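# What the coordinates show
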Amino acid sequence: MSRPTRRSRALPGLALAIALAALATGLGHAAAIVGGPVFGIVLGAAAATFVPALRGARWAPGYDVAAKPVLQLSIVVLGTGLPLQQVLRLGGASLPVMLGTLTVALTGAWFFGRLLGVRGHTRTLIAVGTGICGASAIAATIPVIKAKQAQVAYAIGTIFTFNIAAVLLFPPIGHLLGMSPHSFGLWAGTAINDTSSVVAASIAYGGDAGSYGIVVKLTRTLMLIPIVIALAVLTARREARTAAAGRGEPVPALRLRSMPWRKILPLFLFGFLAAATADSLGLIPTGWHAPLSTLGTFLITTALAGIGLSMSFADMRRAGHRPLLLGALLWAAVALSSLGLQALTGTL
C-alpha cells in the first residue's frame, strides 16, 4: 500500500478549516460588527476544545496548510482591492496623521510592553494589528516572524475586543466633538483596526465619512510593506545571532548586501504588490473587486480557522491579562494621538 502524499495528508484538516470558514462567514454576515475572520478562529478553537480528537496527527497537516499557504494567498488576493492611484490622490492628506499614529502604536508597544512584561511575538502582533490593519496585518506578519498559534489567538482576540469598542464608541464621541464627516473618516481610518469596523463606524456616523474612512484605511494598509520587510530583516538578524552564539562565534556585522534577501522577503509580499499594481493599472475589471474581496476575506477566515483548530487554551491562560491591557493602552494611545494630530494639522 503506497504512502499517502503530502497533498492527501492535508485534505482532512484543510477541508475542516474550509467548512468552519463557511460557517464563520455566514455568522459574520449576520453579525458584521464581529466579522467572519474572528468567528473563524473562535469556531476553530471551540471545535478543538470540545472534540479533542481534532487535535490529532491526522488533522495537523491540513491546519498547517491553512495557517501558511492559504494565509499568504489571502494577503495577495486582498491586494487587488488597493487602487494605488486613489490612495495617492485622497489618502495623501492623511499621511501625517497616519504615520504619527503608526509611530505611536509601535513605540507604545515597545514601552508599555516592557512595562507590563509583554514581550516577543505577542507584543509585535498586537502592535501591528493596532497600528496598521487588525487581522490582515497580523496575518501578514505571522509567517515572517514565525509566531505561535497561542500568540496569534491572543493578538486577534485583543484586536477584536477594541474593534467592537471603537464601533460602539467612536460615532457618539465624534458627534460630541462636533467632527465633520471628513474628519471623522480620517479618525476612524487611522484609529480603528479592521476595515469592516472602519466601515461600520464611518457609515454609522453619516455623510461621506464612510467613503473617506475606507480610502484612509486602504492607505494605512500599504504600511504593511515596510513593516513586514523590517520585521523580516530583524528576524533574520536574530536567527543569525542565535546560530553564531551556538557555534561560539562572534555575531556577524550587518551588511545589507550580504543579507539572504530571497529568504527574508516573503513571496506573498511581492504578490501583494503585484496585485495592487495590477488593480492600479486597470488590469482587474471593476466587477471583480467585490468577489475578490469576498474571496480574500474567506481565505483569511479559513487560515484563522486552521490556527484556531491547532491552538491551546492552556498557552493562552499562561499569558494572563497583560496582553489585553497592552492592547487597551495602545488602542487609547492611537485614538487620542489621531485626534491630537488632526488638531495640529488643521484636519479636525
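The following refers to the structure shown. (Residues numbered from 1 in each chain as written. Predicted model: local features only at pLDDT ≥ 70, side-chain atom pairs only at ≥ 80, totals over all residues. Heavy atoms only, no water.)

Bringing the environment of Leu-27 into the picture now. Positionally, Leu-27 belongs in helix 1 (residues 6-30). In the structure, Leu-27 is positioned 12 residues away from Phe-39 in sequence and 7.1 Å away in space, judged by C-alpha atoms. With near-sequence residues (within four places) excluded, Leu-27 lies in contact with Phe-39 and Leu-43. (Helix = DSSP H or I, 4+ residues; strand = E, 2+ residues; numbered from the N terminus. Contact = heavy atoms within 4.5 Å.)

As a further point, take the packing of helix 7 (residues 149-176) against helix 16 (residues 322-345). Relative to each other, helix 7 and helix 16 sit at 40°, their axes nearing to 9 Å. When the axes of helix 7 and helix 16 are compared, the pair comes out oblique. The element helix 7 and its partner helix 16 pack so that their crossing is right-handed. In this structure, helix 7 contributes Tyr-154, Thr-158, Thr-161, Phe-162, Ala-165, Ala-166, Leu-169 and Phe-170 to the contact, and helix 16 contributes Pro-323, Leu-324, Gly-327, Ala-328, Trp-331 and Ala-335. When grouped by side-chain class, the residues that make up the contact of helix 7 with helix 16 number 11 nonpolar, 3 polar and no charged. (Axes fitted to C-alpha atoms, helices over the stretch in contact; angles between N-to-C directions. Parallel < 35°, antiparallel > 145°, perpendicular 65-115°, else oblique. Left-handed = near helix turned anticlockwise from the far one by under 90°. Nonpolar A, V, L, I, M, F, W, Y, C, P; charged D, E, K, R; others polar.)

On to the packing of helix 6 (residues 120-145) against helix 7, then. Angle between the axes and distance between the axes are the two parameters that describe a pair of packed helices. Running from amino to carboxyl end, helix 6 crosses helix 7 at an angle of 70°, the nearest separation of the two axes being 9 Å. Taken together, the axis directions place helix 6 and helix 7 in an arrangement best described as roughly perpendicular. Facing His-121, Thr-122, Leu-125, Ile-126, Gly-129, Thr-130, Gly-134, Ile-138 and Ile-142 of helix 6, the residues of helix 7 in contact are Gln-151, Val-152, Ala-155, Ile-156, Thr-158 and Ile-159. Across the contact of helix 6 with helix 7, the residue classes tally to 8 nonpolar, 7 polar and no charged.

In short, geometric facts, not functional conclusions.
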